[in-house]
Structure formats: C-alpha cells, structure tokens
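Structural features, examined
Chain by chain, the residues:
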2 protein chains.
Amino acid sequence: MTALEQPAILTPSQAREVFRTGEVPETTSGWCRGYVQANLLAVPRDLAFDALLFAVRNPRPCPLLEVTDPGDPLVHDVATADLRTDLPAYRVYEHGRLVAEVPDVTEYWRDDLVGLLFGCSFTFEAALAAAGVPLRHVEQGRNVPMYVTSRPCRPAGRLAGPLVVSMRPVPPDLVRTAAEVTARHPAAHGAPVHAGDPAELGIASLDRPDFGDAVTAEPGDVPVFWACGVTPQAVVMASEPPFVITHSPGRMLITDRSDETLTP
Amino acid sequence: MTALEQPAILTPSQAREVFRTGEVPETTSGWCRGYVQANLLAVPRDLAFDALLFAVRNPRPCPLLEVTDPGDPLVHDVATADLRTDLPAYRVYEHGRLVAEVPDVTEYWRDDLVGLLFGCSFTFEAALAAAGVPLRHVEQGRNVPMYVTSRPCRPAGRLAGPLVVSMRPVPPDLVRTAAEVTARHPAAHGAPVHAGDPAELGIASLDRPDFGDAVTAEPGDVPVFWACGVTPQAVVMASEPPFVITHSPGRMLITDRSDETLTP
C-alpha cells in the first residue's frame, strides 16, 4: 500500500479500520484529505503534568487537540477511536531508547497512560496544494523529511530537548504564499519557523533526515521548515523517561474533524 | 484607595510594588490600562495535572498565559513578579472552603505549588471603551459582578464544577459591537457566552452576584456575559481539593504584557 492509495475514497473511520487490521502505509500524508491528522504522545500518569506543560509551553511543535483521561485508551472528542489500534504504527520508547515499532500497542498499553494528541502539518497540505504550492514528498510518494534542529524547546519538568521540523521544498516565488497559507493553521503548527539555509537550524544535510524520507528538490526550490509533531519523540530520546508510546513518524491518527474546524 | 485611583500613571511594576506594600484596591479593573491582567490558581504538584488539563479543556474561562515550575513562586514570562506578594489580595481554600483572604500568601506558600495564570476580561475593557461601549462597573467604581452559572465545565480528573461568568450591562445597539470587539481577545475569554435573559444561565438575580459587586444598569441595557477566570474558584469550591490559593476576585496580577501581544 503506497502513500497515495485510497486517499479520496476512504472516510476517517474507514481508514482507521484499515489500520486496525494491521495495514501499515508508508505515510498517512494524502490520506482522507480535508480531515485533521494527529500526532500521539502517550505517557504514564506521573509524567503527564510535565508532558502537558511541555505542550502548553511549546505550542508551535505541540498544538494540543485532545488529552485523554488517565488509563482511558479511547479518544472521544476529535474522533471516536482507540489509541491502541487505530493508528497505522507506533513507537515504544524505554529510557529514551526505541524498543519497538509495531502496528498495535495493545500489549504495551498501561492503565496509567495519558494520551496527548497534537495537530499535524498534513492538515495544511491540502491548503498548500489548493494555493498552488507543490508537495514534493507527495509527488514522490515519500514520507515528509523531518530533522532534529539545534533550537531547544522550552523545558518542562523532566522533559527537555530540541525542536524537530518538517521540510518541504518550495519554488521561490511561492515561499510567501506557503507562509501565509500555513499561518492560518495555528493548530497545525502554523507558519514556517525558517526558510532557506538549513545550517541556521543546525541541519548538516537535507539528504539525511532524522525521520521520514529525503525528498528531491526541483532546481531553485527553497527549503521551508515547519515545527513538527515529532518533536516530543526527540525530547523523549533526549530526556529518557522510563516509558512512552508515540505514533510512528508520518503515520498519524486520522481524526473525524474537518480541517476547517481548526482554522480560527 | 478606590478602583479608579492611579490607573493612568502607574506602570505594572509600580502597581505591583504598591500591592506588595499591602495596599488592597477594591479592584484592579481600570489599573494600568493597556496591560494584561491575570487570574491566579496555585495548586499542589499532585493536583497540577488535573488543573492544567482543566484549563486546556476549558479555554474560554481558563485561557492559559503562563504556568510556573513546581515550587517556584516567581513569574518569569508575562511579568517579573512574585506570586506570593505581588497581587493585591488572595484567597486560600482548604477542602473547598475559604479559610483566608489576605494581601500576602508568603506564610501559606508551599514548596510544591504550581501557579497557573489565566487571561482576564479586564484586558478587553480598554478595547470596549475605545469602541464606545460604556463600562458601568467602572463608571460606578465597583468590581465587575460575577455569577456562578448552571453550565458545567468539562471535568478533568478531580476537578469539576460550573462555569462562572462576568456580566456587563450594554446598551442594546452596542451588544453586537461588544461581541465583535471581545471576540478578538481569545486569551482574555473572547466573545460573550450569552447576552440577554440571565435565567438561561441559571442566574436567579443579577442583584446578587456570587463574586464582585452588583452594578446598576441603565434603562434598556442588555446583560452581556463572558466566561470568567473566577471559574477555577467555583470549581475548587465544588471539587474540594485539600489546598488551593487563588487571587481575590477582581484583584488580579497586573503583567508586563501589553494587550496587543495577546491579540492573534
């Protein structure tokens, strides 16, 4: 199953049903256009205040969509979904180390877990496309490239670490358009944090993303960087809390909310 | 010292200095026009996740401005201030009961307290006045009237309770203007939650506010209601957590942020 299969014809609940059966697409980018996708960070109750405070202090990478009650694996607000099964794939971290990447975390779920759902830049990709901004990674059937930067997030308790960004190559005459379009989506990371020289974010090479796939830029394209919902994973790797579950980068929870509901 | 003394000539830090010496105005409404004022909820660390989640789930009454680190009584972001001394007056609640109302909480402060600061409707009063909307409570030198409603907030853990609203009588031809002006201030409670019949919010009589002072409406005035930062106090009274400190209703932390910084 490739990135672009099915996006137009599946509803969010149908897509979640596909993922529940164990199908794992390369990415959910392009799936269920017009519906909000969400990053997941599930933490034990004793880390939940730090995690929630981290999100509140870092709204660009971590725009909160919903927070579940401790131990409740069900999402009730942005979707009717089960956090243990309804994402395509998950990562399990212990003391900051990736110990499993699996399509189902039922066996890892704990009664004290709190799920935090954050907005995702996939939400604004439809708006970018509608404004005529090409999406190179979608054209190339790849996951969006993501990079750990040298910019620190604001710490919260035991959680500290770097900002992660997603990058899209944009033709120079469309960089301003891309910035304006995405600024209208604060719940999906909003405007770019940077456009141009990757070195200013401490990124050594665009060819070696830390998450996702490298994309091929067209001649003249400017790399444009947005705060990314994978930031909590980099923070987990840096902060080494005992136990955390996240989505697999690029493989999101597809919610029942339309993109318009998140536009102020 | 009355409500309207000094507002034009004191800077926020000068106003906090006045409060630090123990002066207690009837209200900070009208003080330091153009600067954001903030509601305070300080809770022990073990209630902090519930309190922060409550705020995230109820952004209209509880628009977050800043959250302090556990045990740190100092505000660093929206102001350089000491939460123990720099508000005019405080309330201390034990098991939901008001046990003290004091101008200084140094003797009550604990090493595990987390301070949550929420936006306040006083922020948009300057904008209302600039738009020609009269502020009856300011004209009458009174604290704004606040009412406990029959509308429940979204609960979070051990915290559940009713929405509290502030009320301003508005001439009928200015109700729409008042709604439009305040909608531009989401970090200060935003647009009204109701205009008209108080009974629809379960308010029996406007003459008996639960907090603040009754105001005299002019003939024809429509009562307009906004979500209020005293909501956490009503929730504390309903939920009876062991220990909480709040600001005294109407007597806020005056921050160093200009109102414009909170307008999206």
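Thresholds applied
Residues numbered from 1 in each chain as written. Chains lettered and ligands numbered in written order. Predicted model: local features only at pLDDT ≥ 70, side-chain atom pairs only at ≥ 80, totals over all residues. Heavy atoms only, no water. UniProt positions renumbered as here; feature names shortened; annotations may be inferred. Buried < 20%, exposed > 50% of the residue type's maximum accessible area, 1.4 Å probe, protein only. Helix = DSSP H or I, 4+ residues; strand = E, 2+ residues; numbered from the N terminus. Contact = heavy atoms within 4.5 Å. Buried area = accessible area lost by both parts, 1.4 Å probe. Salt bridge = Lys/Arg side-chain N within 4 Å of Asp/Glu carboxyl O. Polar contact = N/O pair within 3.5 Å; in protein donor to acceptor, adjacent residues only side chain to side chain. Nonpolar A, V, L, I, M, F, W, Y, C, P; charged D, E, K, R; others polar. Core = buried A, V, L, I, M, F, W, Y, C linked by side-chain atoms within 4.5 Å. Least-squares fit on C-alpha atoms with pLDDT ≥ 70 in both. Pairing = 2+ DSSP bridges. Axes fitted to C-alpha atoms, helices over the stretch in contact; angles between N-to-C directions. 1 Å grid on protein atoms, 1.4 Å probe; cavity = no way out; pocket = protein on both sides within 12 Å on 5 of 7 lines; lining within 4 Å. Points joined across faces, edges and corners; volume = space filled by probe spheres on them. Parallel < 35°, antiparallel > 145°, perpendicular 65-115°, else oblique. Left-handed = near helix turned anticlockwise from the far one by under 90°.

With an unreviewed UniProt entry as reference, chain A is termed Putative hydro-lyase FB559_5394, source organism Actinoallomurus bryophytorum. Chain A has a UniProt comment under Sequence similarities (unreviewed entry) that states "Belongs to the D-glutamate cyclase family."

What follows concerns helix α3 (residues 122-130) of chain B. Residue and element names in this part refer to chain B. Those residues of α3 that sit buried are Phe-122, Thr-123, Phe-124, Glu-125 and Leu-128. Where α3 is buried, its residues touch β1 (35-44), α4 (136-139), β9 (162-170), α5 (175-183) and β11 (222-227). Downstream of α3 by a residue or two, Gly-132 has a phi angle that is positive, lying close to 90°.

This brings us to the interface of chain A and chain B. Across the contact, 18 residues belong to chain A and 18 residues belong to chain B. Contact between chain A and chain B buries roughly 1300 Å² in total, counting both sides, with carbon and sulfur atoms accounting for 59%. Interface area lost by chain A to chain B is led by Arg-45, Phe-49 and Leu-52 of chain A, which between them contribute 40%. The interface formed by chain A and chain B includes 6 salt bridges. A salt bridge links Arg-154 of chain A to Asp-77 of chain B; its shortest N-O distance comes to 3.7 Å. Applying the counting rule to chain A against chain B returns 4 residue pairs in polar contact (both at pLDDT 80 or more). Every element with two or more residues in the side of chain A that touches chain B is listed here: α2 (45-57) and β2 (64-67) of chain A. In the side of chain A that touches chain B, the residues fall into 9 nonpolar, 1 polar and 8 charged.

What follows covers the side chain of Asp-82 of chain B. Residues and elements named next belong to chain B. Among the structural elements, Asp-82 can be located in strand β4 (residues 81-82). Using a relative accessible area of 14% as the deciding quantity, one classes Asp-82 as buried. Ignoring sequence-local partners within four residues, the contact set of Asp-82 consists of Pro-73, Leu-74 and Tyr-90.

Turning to the side chain of Thr-149 of chain A, a few remarks are in order. Residues and elements named next belong to chain A. Take Thr-149: it is sitting in strand β8 (residues 146-152). The buried category is assigned to Thr-149, whose relative accessible area is 6%. Of note is the side chain of Thr-149, whose polar atom sits 3.1 Å from the backbone nitrogen of Arg-151. Within polar-contact distance, the side chain of Thr-149 engages the backbone oxygen of Leu-163 at 2.7 Å. Each residue touching Thr-149, except ones within four places of it in the same chain, is listed here: Pro-162, Leu-163, Val-165 and Leu-201.

Okay, the environment of Leu-83 of chain B next. Residues and elements named next belong to chain B. Among the structural elements, Leu-83 can be located in the loop between β4 and β5 (90-94). Overall, Leu-83 belongs to the buried group, its relative accessible area being 0%. As a C-alpha pair, Leu-83 and His-247 span 164 residues in sequence and 9.5 Å in three-dimensional space. Beyond its immediate chain neighbours, meaning those up to four positions away, Leu-83 contacts Leu-40, Thr-68, Pro-73, Val-75, Tyr-90, Val-105, Trp-109, Gly-115, Leu-117 and Leu-253.

We now examine the nonpolar core. Membership of the largest hydrophobic core comes to 62 residues, with the highest contact counts inside it found for Val-43, Phe-49 and Leu-116 of chain A together with Val-43, Phe-49 and Leu-116 of chain B. The residues contacting Phe-49 of chain B, other than those within four sequence positions of it, are Arg-45, Ala-48, Phe-49, Leu-52, Val-67, Pro-70 and Val-114 of chain A.

Structural alignment of chain A on chain B gives an RMSD of 0.0 Å, achieved by rotating through 180° and translating 0.0 Å along the axis. The relationship between the two copies is best expressed as a two-fold rotation axis. Considering only C-alpha atoms, the part of chain A nearest the rotation axis is Phe-49 of chain A, at 2.3 Å.

What follows deals with the sheet that holds strand β9 (residues 162-170) of chain A. Neighbouring strands of a sheet are bound in pairs by backbone hydrogen bonds; such pairs are parallel or else antiparallel. Residues and elements named next belong to chain A. Spatially, 4 strands are ordered β8-β9-β11-β10 in an open sheet, and the strand pairing comes out antiparallel. The two strands at the open ends of the sheet, each matched to only one other strand, are β8 and β10 (194-195). Pairing between β8 and β9: 4 bridges, direction antiparallel. By the bridge assignment, Tyr-147 is partnered in β9 with Val-165. The strands touched by helix α5 (residues 175-183) within the sheet are β9, β10 and β11 (222-227), with β11 carrying the most contacts at an inclination of about 15°. Contacts from helix α6 (residues 231-239) reach β8 and β9 within the one sheet, and its direction differs from that of β9 by about 145°.

So, about the layout of surface pockets. Its boundaries defined by the atoms lining it, the largest pocket holds a volume of some 2000 Å³. Lining the largest pocket are 47 residues; nearest its centre among them are Pro-59 and Pro-186 of chain A together with Pro-59, Leu-64 and Pro-186 of chain B. Looking at the lining of the largest pocket, the elements that each hand over two or more residues are α2 and β2 of chain A together with α2 (45-57) and β2 (64-67) of chain B. A class-by-class count of the residues in the lining of the largest pocket yields 27 nonpolar, 8 polar and 12 charged.

Residue and element names in this part refer to chain B. At a closest axis distance of 9 Å, the pairing of α3 and α5 adopts a crossing angle of 130°. Put simply, α3 runs oblique to α5. You can see that α3 and α5 cross each other, and the crossing is right-handed. Of the residues in α5, those touching α3 at Phe-124, Ala-127 and Leu-128 are Ala-178, Val-181 and Thr-182.

All names here are of chain B. Strand order in this open sheet of 4 strands is β8-β9-β11-β10, and the pairing throughout is antiparallel. The strands lining the two open edges of the sheet, one partner per strand, are β8 (146-152) and β10 (194-195). In the packing of α5 onto the sheet, contacts are made with β9, β10 and β11, and the angle to β11 comes to roughly 15°. Strands in contact with helix α6 (residues 231-239) are β8 and β9; relative to β9, the strand with the most contacts, it is inclined by about 145°.

Before going further, it helps to examine the environment of Asp-207 of chain A. Residue and element names in this part refer to chain A. Examined against the element boundaries, Asp-207 turns out to sit in the loop between β10 and β11. For Asp-207, a relative accessible area of 60% translates into the label exposed. A C-alpha to C-alpha distance of 29 Å links Asp-207 and Arg-184, two positions 23 residues apart in sequence.

What follows is about the pattern of salt bridges. For the structure on display, the rule yields 30 salt bridges over all chains. The salt bridge involving Arg-257 of chain A is made with Asp-77 of chain A; its shortest N-O contact spans 3.3 Å. Of this pair, Arg-257 of chain A sits in strand β13 (residues 253-258) while Asp-77 of chain A sits in the loop between β3 (74-75) and β4 (81-82), and the two are 180 residues apart along the sequence. Using a relative accessible area of 26% as the deciding quantity, one classes Arg-257 of chain A as partly exposed. Look at Asp-77 of chain A and you get partly exposed, because its relative accessible area is 32%. With a shortest N-O distance of 3.6 Å, Arg-251 of chain B and Glu-101 of chain B are connected by a salt bridge.

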